[in-house]
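Take a look at the letters that make up each chain.
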Amino acid sequence: MNVLDFANAFFSDSAHWHGYDGIPQRLWEHVQYCLLALAVAAAIGLPVGLVTGHTGRGGNALAFVATAARALPSFGLLVLIVVTWGFGLVPVLIPLVVLAVPPILVTTYEAVRSVDPAPVDAARGMGMRESGILLRVELPVALPLILSGMRSAAIQIVSTATIAAYVSLGGLGRYIVDGLYQRDYEKVVGGATLVAVLALVTLGLFWAAGRTAVSPGVRRKP
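Residues numbered from 1 in each chain as written. Predicted model: local features only at pLDDT ≥ 70, side-chain atom pairs only at ≥ 80, totals over all residues. Heavy atoms only, no water.

**Q** Please set out the overall build of the protein chain residue by residue, giving values where relevant.
**A** A tally of regular secondary structure across the protein chain gives 10 helices and zero strands. When the backbone C-alpha atoms are referred to their principal axes, the protein chain occupies close to 65 × 40 × 25 Å. Summarising the internal contacts of the protein chain: among those between residues at least 6 apart in sequence, 74% fall at separations of at least 24. Summing over all exposed atoms, the protein chain offers an accessible surface of approximately 12000 Å²; the carbon and sulfur share of this is 66%. For the protein chain, the centre of its 15 positive side-chain charges and the centre of its 12 negative side-chain charges are spaced 12 Å apart. (Helix = DSSP H or I, 4+ residues; strand = E, 2+ residues; numbered from the N terminus. Contact = heavy atoms within 4.5 Å. Areas by Shrake-Rupley, 256 points an atom, 1.4 Å probe, with all protein chains shown as cover. Lys, Arg positive; Asp, Glu negative; His and termini not counted. Charge placed at Lys NZ, Arg CZ, Asp CG, Glu CD.)

In structure tokens, the structure reads:
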């Protein structure tokens, strides 16, 4: 059998569409892990990136932190946290957040720093407060690049959240881990296919968000 045969056999089996191990349940678990990790990473990376990008201070420190975080192996970090902390959702979220913060943080910083200084100086000359300059002048222009950082982080989370299965949690990684253990390659291929599809859906959602949230003038900007 080839990969397509394995995938067809997996998705055509009605048993995979019902119960606690069914595709809807595992998909929903995976989406929950991803949304929670992305929300925490955004809550950390966006404010820090916006403020440091606006002030121009801390760029070297951000680059160092981002490089260090990217060098950490997610699975190794998961094992270390489980050994010291125990099983649960938090040990899974920490590696995912550590993975997602650097692209959000660095991209947000670079997005704000790349804004044309002319309108910023004009707003400052009109007496606008620094918070107003950041939120009303810099943020709308920087939004496309910021969304690209969020998109990159989301894709990494979607693909890496499969590690939750290694610490007895659910998600789509359950099919991959259990399939390898049982030598059930239909499950392995089915789980990997679902992860790939979810990543593509994530790309589509961020494309739609960009079309909706970014002003047409900024989108058309060369």
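There's plenty left to go through after this.
**Q** Before we move on, could you go through the packing of aromatic side chains and cite the residues and values that matter?
**A** Taken as a whole and judged by the stated rule, the model has four aromatic pairs. With 5.2 Å between their ring centres and 80° between their planes, phenylalanine 10 and tyrosine 175 make a pair best called edge-to-face. Taken together, the residues span a long stretch of sequence, with phenylalanine 10 in helix α1 (residues 3-12) and tyrosine 175 in helix α8 (residues 173-182) at a distance of 165 residues. For the residue pair phenylalanine 10 and tyrosine 175, the accessibility class agrees, reading buried in each case. Through a chain of ring-to-ring contacts, three or more aromatic side chains come together here, namely Phe10, Phe11, Trp17 and Tyr175. (Phe/Tyr/Trp six-rings, centres within 6.5 Å; stacked < 30°, edge-to-face > 60°. Buried < 20%, exposed > 50% of the residue type's maximum accessible area, 1.4 Å probe, protein only.)

**Q** Any chance you could break down the packing of helix α2 (residues 23-55) against helix α9 (residues 185-213) for me, citing the residues and the numbers?
**A** It is at 12 Å that the axes of α2 and α9 come closest, and there the two elements cross at 50°. On the basis of the axis angle, α2 is oblique to α9. The interaxial crossing formed by α2 with α9 has right-handed handedness. Contacts between α2 and α9 pair Ile23, Leu27, His30, Val31 and Leu38 from the former with Leu194, Leu198 and Phe206 from the latter. Of the residues assigned to the contact of α2 with α9, the class counts are seven nonpolar, one polar and no charged. (Axes fitted to C-alpha atoms, helices over the stretch in contact; angles between N-to-C directions. Parallel < 35°, antiparallel > 145°, perpendicular 65-115°, else oblique. Left-handed = near helix turned anticlockwise from the far one by under 90°. Nonpolar A, V, L, I, M, F, W, Y, C, P; charged D, E, K, R; others polar.)

**Q** Before we move on, can you summarise helix α5 (residues 89-113) with the specific residues and values?
**A** Because an α-helix packs 3.6 residues into every turn, residues spaced three or four apart end up facing the same way. Along its 25 residues, α5 runs 36 Å from first to last C-alpha, staying within 8% of the 36 Å computed at 1.5 Å per residue. At valine 101, α5 shows its strongest bend, of approximately 25°, with the proline proline 102 following within four residues. (Expected span 1.5 Å × (residues − 1). Bend = angle between axes of the 7 residues up to and from the residue.)

**Q** Got a sec to walk through helix α6 (residues 117-125)? Specific residues and values, please.
**A** Where α6 begins, one side-chain oxygen reaches toward the backbone nitrogen of alanine 118, 3.1 Å away; that side chain belongs to aspartate 116. Of the residues trailing α6, glycine 127 is marked for its positive phi of about 90°. (Polar contact = N/O pair within 3.5 Å; in protein donor to acceptor, adjacent residues only side chain to side chain.)

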